[in-house]
Amino acid sequence: MGRVLDGSGFVSRPAFTARKAGLIALCLLPGVAFVAVFTYYPMVRGSVIAFQRYNLFDLTSTPFVGLENFRAVLAEERFWTALRNTGTWVGLSLFFQFLLGFGLALLLRRHFRGRGLYQAWVFFPWAMSGFLIGLLWRWMFNGQFGVINDLLLRTGIIDTRIGFLSSPGWAMTSVIVANIWYGVTFFAIMIMAALQSVPRELYEAAAVDGASRLRQFWHVTLPHIRPTLALIVLLRVIWILNFPDLIYSMTGGGPAGSTDIVTTFLIQQVMGGDYGRAGAVGFLVLGLLLAFSLFYLNATRFERSR
């Protein structure tokens, strides 16, 4: 309706009027307002607070103090401990999540009896909140009545119960194990979706040329899904670094700061009422993520040249 034939016989599109533009803007307004209020405003406000002496227990005076909050944070040994822990937390979690997720995706791509049930079972953890997952694993790793200690004792692997969450040597390992279990699902879902996009004709052509399954995987599967792998690895690094829920519900950053990462350290600043330092930590985390993203995108530049 409203279309007319031009001189060449083709149907011309109706003119884009100001009324239509206004209607589109009106439809977009609620979404834009929601993002602005709940995403961009807190980000800008937190950046401003990072340069103020903003203490929750004394809001009568919030002067700008320049880089004082940054100097205080960088001079604190707990921050550098949290930063080192963050590297361990992100690196080990990402490596095993990717490895196990890739393996699961390859297995679940095959057709077998009960495949849908297995997929639902594998994807189930992703439907749960991180805080709830932390509570679940906190109970499992409990040093007195946890199921993991019980299983290790019954199988004879250990003779006495281990305080997984109360020992600095075991606490970080415990939270990383829990995070690996939680995050494997993400990689399994994303990689399995990417595998579905590989044309079967490529495998058939490779098989005709005499390529083994391993060579097909290396020369057909990986090149085809490499852009997806590069993207999901970047996203997962950002999410793991910004995922204090599980650690906070399992250990609260303890014992003695052995499981602190930069985002749990930020939460502790907020809980202590020092919003200025919390804003400075948030600013540093944002800068760290931005620097990593730029480096990573530059390192994977070959993806865009395909």
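Per an unreviewed UniProt entry, the recorded name for the protein is Carbohydrate ABC transporter permease, and the organism is Nonomuraea roseola. UniProt's Sequence similarities (unreviewed entry) comment on the protein is quoted here verbatim: "Belongs to the binding-protein-dependent transport system permease family." A UniProt comment under Subcellular location (unreviewed entry) is attached to the protein, and it reads "Cell membrane".

A. Structural detail: the UniProt feature "domain: ABC transmembrane type-1" (unreviewed entry) in the protein. As annotated by UniProt and renumbered to match this structure, "domain: ABC transmembrane type-1" (unreviewed entry) occupies residues 83-296. Helix and strand shares over residues 83-296 are 74% and 0% respectively, and the end C-alpha atoms of the span are 19 Å apart.

B. Region of the structure containing the packing of helix H3 (residues 77-108) against helix H7 (residues 168-196). It is the contact of H3 with H7, at a shortest axis distance of 6 Å, that shows an interaxial angle of 40°. Classified by the angle their axes make, H3 and H7 are oblique. Where H3 crosses over H7, the handedness of that crossing is right-handed. For the contact of H3 with H7, the class distribution of residues is 21 nonpolar, seven polar and no charged.

C. Up close: the pattern of salt bridges. Applying the stated criterion to the full structure yields six salt bridges. A salt bridge links Asp150 to Arg154; its shortest N-O distance comes to 2.9 Å. Of this pair, Asp150 and Arg154 are both found in helix H6 (residues 147-154), four residues apart, which corresponds to roughly one turn of the helix. Judged by relative accessible area, which is 67%, Arg154 ranks as exposed. Several salt bridges share partner residues, and in doing so they unite Glu76, Arg78, Asp274 and Arg277 into one network.

D. Region of interest: the side chain of Gln52. Counting through the fold element by element, Gln52 comes out in the loop between helix H1 (18-49) and helix H2 (68-74). Within the local environment of Gln52, its side chain forms a polar contact with the side chain of Arg45, the two groups lying 3.4 Å apart. Reaching out from Gln52, the side chain makes a polar contact with the backbone oxygen of Thr62 at a distance of 3.0 Å. Residue contacts for Gln52: discarding those within four places in its chain leaves Arg45, Thr62, Pro63, Phe64, Val65, Asn69 and Gly276.

E. Spatial organisation of the packing of H7 against helix H9 (residues 213-241). The N-to-C vectors of H7 and H9 enclose an angle of 150°; their axes lie 10 Å apart at closest approach. Regarding the angle of H7 to H9, the classification is roughly antiparallel. Of the two possible hands of crossing, H7 and H9 adopt the one that is right-handed. The segment H7 lies against H9, with Asn179, Tyr182, Gly183, Phe186, Phe187, Met190, Ile191, Ala194 and Leu195 engaging Thr221, Ile225, Thr228, Leu229, Ile232, Val233, Arg236, Trp239 and Ile240.

F. The arrangement of the packing of aromatic side chains in detail. Scanning the model with the defined rule gives 19 aromatic pairs in all. With a centroid separation of 5.2 Å and 45° between ring planes, the pair formed by Phe51 and Phe70 is classed as tilted. Here the residue Phe51 occupies a position in the loop between H1 and H2, and Phe70 occupies one in helix H2, the gap between them amounting to 19 residues. Phe51 sits in the partly exposed class, given a relative accessible area of 26%. Phe70 gets classed as buried once you look at its relative accessible area, which sits at 9%. Among the aromatic residues, those joined into a ring-pair cluster are Phe98, Phe102, Phe186, Phe187, Phe217 and Trp239.

G. Geometry of the confidence of the model for the protein. Scored by pLDDT, the protein comes out at a mean of 86, with 93% of its residues at no less than 70. Looking at the elements of the protein, mean pLDDT is at its lowest for strand S1 (residues 4-5), recorded as 48, and at its highest for H2, recorded as 94.

H. A look at the UniProt feature "transmembrane region" (unreviewed entry) in the protein. Taking the numbering used here, the UniProt-annotated feature "transmembrane region" (unreviewed entry) corresponds to residues 21-41, 89-108, 120-140, 170-195, 216-241 and 278-297. Note that residues 89-108 is 100% helix and 0% strand, and that its end C-alpha atoms are spaced 27 Å apart. Between the first and last C-alpha atoms of residues 216-241 the distance is 34 Å; the span itself is 100% helix and 0% strand.

I. Spotlight on the nonpolar core. Formed by 62 residues in total, the largest nonpolar core has its most connected members in Trp89, Trp137, Ile191, Leu246 and Met250. At 14 residues, the largest contribution of residues to this core is made by H7.

J. The arrangement of H7 in detail. In a regular helix each residue adds 1.5 Å, so 29 residues correspond to 42 Å; H7 covers 43 Å between its end C-alpha atoms and thus fits that length. Where H7 bends most, at Tyr182, the angle is about 30°.

Reading the values: rules and limits
- Residues numbered from 1 in each chain as written.
- Predicted model: local features only at pLDDT ≥ 70, side-chain atom pairs only at ≥ 80, totals over all residues.
- Heavy atoms only, no water.
- UniProt positions renumbered as here; feature names shortened; annotations may be inferred.
- Helix = DSSP H or I, 4+ residues; strand = E, 2+ residues; numbered from the N terminus.
- Axes fitted to C-alpha atoms, helices over the stretch in contact; angles between N-to-C directions.
- Parallel < 35°, antiparallel > 145°, perpendicular 65-115°, else oblique.
- Left-handed = near helix turned anticlockwise from the far one by under 90°.
- Nonpolar A, V, L, I, M, F, W, Y, C, P; charged D, E, K, R; others polar.
- Salt bridge = Lys/Arg side-chain N within 4 Å of Asp/Glu carboxyl O.
- Buried < 20%, exposed > 50% of the residue type's maximum accessible area, 1.4 Å probe, protein only.
- Polar contact = N/O pair within 3.5 Å; in protein donor to acceptor, adjacent residues only side chain to side chain.
- Contact = heavy atoms within 4.5 Å.
- Phe/Tyr/Trp six-rings, centres within 6.5 Å; stacked < 30°, edge-to-face > 60°.
- pLDDT = per-residue confidence, 0-100.
- Core = buried A, V, L, I, M, F, W, Y, C linked by side-chain atoms within 4.5 Å.
- Expected span 1.5 Å × (residues − 1).
- Bend = angle between axes of the 7 residues up to and from the residue.

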